[in-house]
Amino acid sequence: MDHSAKKNNKKRVAIVGGGLVGALNASFFAKRGFAVTIFESREDIRCAKVVKGRSINLALSHRGRQALKHIGIEEKIVSMGIPMHARMIHSLNGKQSPIPYGKKGQYILSVDRANLNKELLSVAEAYPNTKLNFNHKLLDWSPETGAMTFHGPDGNEKEFHADLIVGCDGAFSATRKQFLRRSRFNYSQTYIPHGYLELTIPPRNGDFAMKPNFLHIWPRHTFMMIALPNLDKTFTCTLFMPFEDFEKITTGNELLGFFQKNFPDSIPLIGVDALMRDFFRLPAQALVWVTCSPYHVLDSCVLMGDAAHAMVPFYGQGMNAGFEDCIVFNEIMDQFNEDFAAVLPEYTRVRAPDDQAMAELAMYNYVEMRSHVNSRYFLFRKFLDNTLHFVMPKTIIPLYTMITFTRTRYRQAVIQWQWQNKVITHGLWIFGTMSIVGAAYLLLKYGPKKPHITAEQLWNRVLALKWLQN
Ligand SMILES: Cc1cc2nc3c(=O)[nH]c(=O)nc-3n(C[C@H](O)[C@H](O)[C@H](O)COP(=O)(O)OP(=O)(O)OC[C@H]3O[C@@H](n4cnc5c(N)ncnc54)[C@H](O)[C@@H]3O)c2cc1C
Ligand SMILES: Cc1cnn(-c2ccc(OCc3ccccc3)c(C(=O)O)c2)c1-c1ccc(Cl)c(F)c1
């Protein structure tokens, strides 16, 4: 039930950052009747031509969809996305191997980042109790008074007071700066050696150049490339590679040689000219892992989304986790009757371990894929996952399934996965041991018959051999 703030005299909530999580969060708070104000440093992307520097499309999965459902736009966003029912693993020899994600309804969606952000801003703006301010960059804020200082569109500083500040200003959050000045605030930031760069596969003869309803993956150990489909029948490829390897490729010939060696089938799809143009157009972007705790300061500020937990994108969960942050916070608001002094610490207590578990899992996946995942290993692992799940559907649930297609708490999913790995390992040991014992028994019982020989006859043969040797 939506309420206007004036009627029930609700508190003022300031949301710093009008990106994916901030824009969604604005609707969550507005739906509760708060007086919501968004402060976004960039211009209104609904008027901008191109949004620079961010991945062009993203994988939306169950957790994110549940958050969109809460504000009534799940179906609209799903209709704007392209379902990916399986992975398509591209081997070096050009063979493409599909591996389904699971049951019929289990698919992830490729959605356009900018369109999603625009939709979320418009939904938030439609509430009578929300106000959107663009070209407002947060400079600082005070935990004691809730006073915020912005760099405004006219170049002057602007003040704003809020009862609750929600920092959704991304991995390099300005809201978080104030947290760093406080005792017992834990923070870490890690840039990984890999960077990423986006390329485009144009349509061919007016249609998708590859099968569209797949997450296309080229796993090459150190180098990985993925391709997600777009509504305009293009694919956005994201190449992940160590910066030192990006830096080695300085000429068109070196670039072509690299792709011929590692991603030969993608060259005719991308096109040589487009590959040369796009690869050298922009520098590779950095990937950072940010983790912090607590997520709150007193009863006046809370961090959500990448501002709280920026994760490496090797599980496709960053946005989904940030969207789920909004659901969890909203549930706790119900539990504690919107008492910020109780809600904020409870949010940190409940949510931080889950977000940290997911960020660590994404990092683990990065390390695993970088170190030994090629197409053969990828296919083997997924075949094993799907087979064990088919044989023991209630006992063995693939980790990717728990993370992507359920709302199992991230930390619980990791614990369950670790337990499953133990069960599988022990099961393999037992199976192996029983196989050896069984084989020995069968060999003895049914193997080639040896003449029966007594111990005395055996000893006499040993003595005879000794005598012959001397
Ligand atoms: C290459 C790549 C691929 C990815 N793929 C996926 C995927 O497939 N699926 C998935 O779930 N996630 C994916 N992610 C992660 C996803 O992009 C992020 O988790 C998500 O964008 C986080 O949203 P956010 O709103 O928290 O932060 P952001 O999207 O960074 O938005 C922060 C907003 O705050 C604004 N801002 C910053 N500073 C200030 C300030 N001082 N004052 C006011 N406003 C400010 C910014 O302009 C921005 O609009 C990927 C990330 C990368 C890098
Ligand atoms: C954008 C997005 C959405 N989901 N995933 C994703 C991630 C991991 C996966 O498996 C882990 C694994 C595979 C093989 C062996 C161990 C673990 C799977 C899968 O199972 O299909 C899918 C990605 C993604 C993002 C970046 C890279 Cl580089 C990438 F390859 C995929």
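Thresholds applied
- Residues numbered from 1 in each chain as written.
- Chains lettered and ligands numbered in written order.
- Predicted model: local features only at pLDDT ≥ 70, side-chain atom pairs only at ≥ 80, totals over all residues.
- Heavy atoms only, no water.
- UniProt positions renumbered as here; feature names shortened; annotations may be inferred.
- Helix = DSSP H or I, 4+ residues; strand = E, 2+ residues; numbered from the N terminus.
- Buried < 20%, exposed > 50% of the residue type's maximum accessible area, 1.4 Å probe, protein only.
- Areas by Shrake-Rupley, 256 points an atom, 1.4 Å probe, with all protein chains shown as cover.
- Lys, Arg positive; Asp, Glu negative; His and termini not counted.
- Charge placed at Lys NZ, Arg CZ, Asp CG, Glu CD.
- Near = heavy atom within 4 Å.
- Polar contact = N/O pair within 3.5 Å; in protein donor to acceptor, adjacent residues only side chain to side chain.
- Pairing = 2+ DSSP bridges.
- 1 Å grid on protein atoms, 1.4 Å probe; cavity = no way out; pocket = protein on both sides within 12 Å on 5 of 7 lines; lining within 4 Å.
- Points joined across faces, edges and corners; volume = space filled by probe spheres on them.
- Nonpolar A, V, L, I, M, F, W, Y, C, P; charged D, E, K, R; others polar.
- Patch = residues over 30% accessible without salt bridge, like charges linked within 9 Å, V, L, I, M, F, W, Y side chains within 5 Å.
- Salt bridge = Lys/Arg side-chain N within 4 Å of Asp/Glu carboxyl O.
- Phe/Tyr/Trp six-rings, centres within 6.5 Å; stacked < 30°, edge-to-face > 60°.
- Contact = heavy atoms within 4.5 Å.
- Axes fitted to C-alpha atoms, helices over the stretch in contact; angles between N-to-C directions.
- Parallel < 35°, antiparallel > 145°, perpendicular 65-115°, else oblique.
- Left-handed = near helix turned anticlockwise from the far one by under 90°.

- The chain is annotated in an unreviewed UniProt entry as Kynurenine 3-monooxygenase from Pygocentrus nattereri.
- Taken from UniProt, the Sequence similarities (unreviewed entry) comment for the chain reads in full: "Belongs to the aromatic-ring hydroxylase family. KMO subfamily."
- The record in UniProt for the chain states the following under Pathway (unreviewed entry): "Cofactor biosynthesis; NAD(+) biosynthesis; quinolinate from L-kynurenine: step 1/3."

Some remarks on the overall build of the chain
Okay, so step 1: Helices and strands together make up the secondary structure of the chain, namely 17 helices and 19 strands.
Okay, so step 2: Taking the principal axes of its C-alpha atoms as reference, the chain extends roughly 110 × 55 × 45 Å.
Okay, so step 3: Considering the chain as a whole, with its 470 residues, one finds that 51% of them fall into the buried category.
Okay, so step 4: Of the accessible surface of the chain, which amounts to about 23,500 Å², a share of 59% is contributed by carbon and sulfur atoms.
Okay, so step 5: For the chain, the distance from the average site of its 54 positive side-chain charges to the average site of its 41 negative ones is 9 Å.

Let's talk about the UniProt feature "transmembrane region" (unreviewed entry) in the chain
Okay, so step 1: What UniProt calls "transmembrane region" (unreviewed entry) maps, in this numbering, to residues 426-444.
Okay, so step 2: The span residues 426-444 is 100% helix and 0% strand, and its two end C-alpha atoms sit 27 Å from each other.

A closer look at the site of ligand 2
Okay, so step 1: Taken together, 20 residues are adjacent to ligand 2, and Arg 87, Tyr 101, Asn 365, Lys 382 and Tyr 400 come closest.
Okay, so step 2: In this structure, an oxygen atom belonging to ligand 2 sits 2.7 Å away from a side-chain N or O atom of Arg 87.
Okay, so step 3: Interatomic distance of 2.9 Å between a side-chain N/O atom of Lys 382 and an oxygen atom of ligand 2.
Okay, so step 4: In the complex, 97% of the free accessible area of ligand 2, which totals 650 Å², lies under the protein chains.

Here's the deal with the pairing of strand E14 (residues 214-220)
Okay, so step 1: Among the seven residues of E14, seven are classified as buried, and the element is accordingly described as predominantly covered.
Okay, so step 2: Residues Phe 214, His 216, Trp 218 and Arg 220 of E14 are buried on one face, and the alternating residues Leu 215, Ile 217 and Pro 219, pointing to the opposite face, are buried as well.
Okay, so step 3: Looking at chain direction, strand E5 (residues 86-90) and E14 are connected through four bridges and run parallel. By the bridge assignment for E14, Met 88 is matched with His 216.
Okay, so step 4: Joining the antiparallel neighbours E14 and strand E15 (residues 223-229) is a turn of two residues, in which His 221 adopts a positive phi near 55°.

Concerning the environment of Met 276
Okay, so step 1: Mapped onto the elements of the fold, Met 276 is located in helix H10 (residues 272-281).
Okay, so step 2: Sequence separation between Met 276 and Gly 252 is 24 residues, and the spatial gap between their C-alpha atoms is 6.0 Å.

Concerning empty space enclosed by the protein
Okay, so step 1: Following the criterion strictly, the structure yields one cavity of 30 Å³ or more and no others.
Okay, so step 2: The computed volume of the largest cavity comes to approximately 30 Å³.
Okay, so step 3: Elements that contribute at least two residues to the lining of the largest cavity include exactly helix H2 (20-31) and helix H12 (318-335).
Okay, so step 4: For the lining of the largest cavity, the class distribution of residues is five nonpolar, two polar and one charged.

Quick notes on the site of ligand 1
Okay, so step 1: In the neighbourhood of ligand 1, 31 residues make up the surrounding shell, with Glu 40, Arg 42, Ala 59, Arg 113 and Asp 306 lying closest.
Okay, so step 2: Between ligand 1 and Ala 59, the relevant distance is 2.8 Å, taken from an oxygen atom to a main-chain nitrogen or oxygen of the residue.
Okay, so step 3: A distance of 2.9 Å separates a nitrogen atom of ligand 1 from a polar backbone atom of Leu 138.
Okay, so step 4: Protein coverage of the free-state accessible area of ligand 1, which is 1,000 Å², stands at 90%.
Okay, so step 5: At the level of elements, H2, strand E3 (57-60), strand E9 (137-141) and H12 are the ones that each hand at least two residues to the shell around ligand 1.
Okay, so step 6: Across the shell around ligand 1, the residue classes break down as 13 nonpolar, 11 polar and seven charged.

Let's talk about a nonpolar patch on the surface
Okay, so step 1: A grouping of Ile 453, Leu 458, Trp 459, Val 462 and Leu 463 is seen on the molecular surface, where their side chains present a nonpolar patch of about 430 Å² in accessible area.
Okay, so step 2: Residue position: Leu 458 is located in helix H17 (residues 455-469).
Okay, so step 3: A relative accessible area of 48% means that Leu 458 is categorised as partly exposed.

As for the packing of aromatic side chains
Okay, so step 1: In this structure the tally under the stated criterion is 26 aromatic pairs.
Okay, so step 2: Centroid distance Phe 279 to Phe 280: 5.1 Å. Interplanar angle 80°. Geometry classified as edge-to-face.
Okay, so step 3: Classification of Phe 280 by relative accessible area gives partly exposed; the value is 37%.
Okay, so step 4: Centroid distance Tyr 364 to Trp 417: 5.4 Å. Interplanar angle 70°. Geometry classified as edge-to-face.

A closer look at the pattern of salt bridges
Okay, so step 1: By the definition in use, this model includes 22 salt bridges.
Okay, so step 2: Of the charged contacts in the structure, one is a salt bridge between Asp 154 and Lys 158, with a shortest N-O distance of 3.4 Å.
Okay, so step 3: We note a salt bridge from Arg 381 to Glu 368, for which the minimum N-O separation is 2.6 Å. Here Arg 381, found in helix H14 (residues 375-391), pairs with Glu 368, found in helix H13 (residues 340-372); they are 13 residues apart in sequence, far enough to count as distant.
Okay, so step 4: In this structure, a network of salt bridges that share partners links the residues Arg 63, Glu 324, Asp 325, Glu 331, Arg 351, Asp 355 and Arg 407.

Re the environment of Asp 265
Okay, so step 1: With respect to the secondary-structure elements, Asp 265 resides in the loop between helix H8 (252-262) and helix H9 (266-270).
Okay, so step 2: Between the C-alpha atoms of Asp 265 and Ser 91, which are 174 residues apart in sequence, the distance is 8.9 Å.
Okay, so step 3: Setting aside chain neighbours within four positions, we find Asp 265 in contact with His 90, Gly 94 and Trp 218.
Okay, so step 4: At 2.9 Å, the side chain of Asp 265 forms a polar contact with the side chain of Trp 218.

So, the packing of H2 against helix H5 (residues 113-125)
Okay, so step 1: At a minimum axis separation of 8 Å, H2 and H5 run at an interaxial angle of 25°. Taken together, the axis directions place H2 and H5 in an arrangement best described as roughly parallel. For the pair H2 and H5, the crossing hand works out as left-handed. Packed against H2, whose contacting residues are Leu 20, Ala 23, Leu 24, Ala 26 and Ser 27, the element H5 presents Arg 113, Leu 116, Asn 117, Leu 120, Leu 121, Val 123 and Ala 124 at the interface.
Okay, so step 2: A per-class count over the contact of H2 with H5 returns nine nonpolar, two polar and one charged.

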